[in-house]
Amino acid sequence: FWVNRMANPLAVAGQAAANQVFNSAFWITSFLPSVTATLISKENASGNKEGVRNAVNQALFVGMCISVVSSILMFLNPDKVLSAVLSPDAPAMQYAKPYLLIRSFAFLPSLISLVGFSAFRGILETDTPVKVSAFANLFN
């Protein structure tokens, strides 16, 4: 919203390119919530609370590893990562790099949130995720 208000088409193009890279990297992790919810629901159905904890811990570990590696790649090599959607001499590159650098910090919290919501879905608890989402949207 605010980038469009700048009335600079290069800034909009840079944001779009950085968003595409971030969303593509995030899409790679889309298997994690489905697998997590399935494992947790299986353990919860058998009444194995320790198994539920282990499944959540494993999903958090995998999510953190993926997000840390992805964030480091985006943070340390923005030119190389952005070259998937922009040519190195593209005028929008000067706007895409800082946006991607800032956006790369959101990878870890986003994956933690995904794992958390899938854990609640796995134990069939839907009230807490709704309350967390409402609280986050109020302050966002």
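Predicted, not measured: the structure shown is a model, and the values here were computed from it.

Q: So what about the confidence of the model for the protein chain? Which residues, and what values?
A: Mean pLDDT over the protein chain stands at 89; residues scoring 70 or higher make up 95%. At the low end of the mean pLDDT range in the protein chain sits helix α1 (residues 2-5), at 63; at the high end sits helix α4 (residues 49-76), at 93.

Q: Could you give an account of the packing of helix α2 (residues 9-28) against helix α6 (residues 93-104), naming the residues involved and the relevant values?
A: Close contact between α2 and α6 brings their axes to 8 Å; oriented N to C, the two are set at 40°. Relative to α6, the element α2 lies oblique. In the crossing of α2 with α6, the sense of the turn from one axis to the other is right-handed. Contacts between α2 and α6 involve Leu10, Ala11, Gly14, Gln15, Ala17, Ala18, Asn19, Val21, Phe22 and Asn23 from the first element and Tyr95, Ala96, Tyr99, Leu100, Arg103 and Ser104 from the second. Looking at side-chain class alone, the contact of α2 with α6 contains ten nonpolar, five polar and one charged residues.

Q: Just give me the short version of helix α3 (residues 31-45), but keep the residues and values in it.
A: With 15 residues, α3 should reach 21 Å at 1.5 Å per residue; the first-to-last C-alpha distance of 21 Å fits that figure. Turning to α3, its buried residues are Leu32, Pro33, Thr36, Ala37 and Ile40. Each buried residue of α3 sits inside an arc of 120° when the element is viewed along its axis, so together they form one side. Summarising the geometry of α3, the exposed residues directed more than 90 degrees from the buried face are Thr38, Lys42 and Ala45. Its buried side turned inward, α3 meets α4 and α7 (107-122). Phi turns positive one or two residues past the end of α3, at Gly47, with a value near 80°.

Q: So, the environment of Val132: which residues are in play, and what are the values?
A: Mapped onto the elements of the fold, Val132 is located in helix α8 (residues 127-138). Here the alpha-carbon distance between Val132 and Phe117, two residues 15 residues apart in the chain, equals 9.5 Å.

Q: Give me the lowdown on α8, citing residues and values where you can.
A: The terminal C-alpha atoms of α8, which comprises twelve residues, lie 17 Å apart, in line with the 16 Å expected from a rise of 1.5 Å per residue. Among the twelve residues that make up α8, one are buried, leaving the element largely open to the surroundings.

Q: Please give an account of the pattern of salt bridges that cites residues and values.
A: According to the stated counting rule, one finds two salt bridges in the structure shown. With a closest N to O distance of 2.8 Å, Glu50 and Arg53 form a salt bridge. Pair noted here: Glu50 and Arg53 are both in helix α4, with a separation of three residues, about one helical turn. Between Lys97 and Asp79 there is a salt bridge, with the nearest N and O atoms lying 3.2 Å from each other. In this pair, Lys97 is assigned in helix α6 and Asp79 in helix α5 (residues 78-82), connecting sequence segments 18 residues apart.

Q: Run through the nonpolar core, naming residues and quoting values.
A: Nonpolar side chains tend to gather and get buried jointly when the protein is soluble and globular. Membership of the largest hydrophobic core comes to 19 residues, with the highest contact counts inside it found for Met74, Leu82, Leu86, Ala96, Leu100 and Phe107. Listed by contribution, the elements that provide at least two residues to this core are α2, α4, α6 and α7. Not counting residues up to four positions away in its chain, the partners in contact with Met74 are Phe22, Ala25, Val81, Leu100, Leu101, Ser104 and Phe107.

Q: Summarise unusual backbone geometry; cite the residues concerned and give the values.
A: If you check the backbone angles, Leu124 has positive phi at about 60° while not being a glycine. Here Leu124 is to be found in the loop between α7 and α8.

Cut-offs and rules
Residues numbered from 1 in each chain as written. Predicted model: local features only at pLDDT ≥ 70, side-chain atom pairs only at ≥ 80, totals over all residues. Heavy atoms only, no water. pLDDT = per-residue confidence, 0-100. Helix = DSSP H or I, 4+ residues; strand = E, 2+ residues; numbered from the N terminus. Axes fitted to C-alpha atoms, helices over the stretch in contact; angles between N-to-C directions. Parallel < 35°, antiparallel > 145°, perpendicular 65-115°, else oblique. Left-handed = near helix turned anticlockwise from the far one by under 90°. Contact = heavy atoms within 4.5 Å. Nonpolar A, V, L, I, M, F, W, Y, C, P; charged D, E, K, R; others polar. Expected span 1.5 Å × (residues − 1). Buried < 20%, exposed > 50% of the residue type's maximum accessible area, 1.4 Å probe, protein only. Arc of directions from axis to C-beta. Salt bridge = Lys/Arg side-chain N within 4 Å of Asp/Glu carboxyl O. Core = buried A, V, L, I, M, F, W, Y, C linked by side-chain atoms within 4.5 Å.

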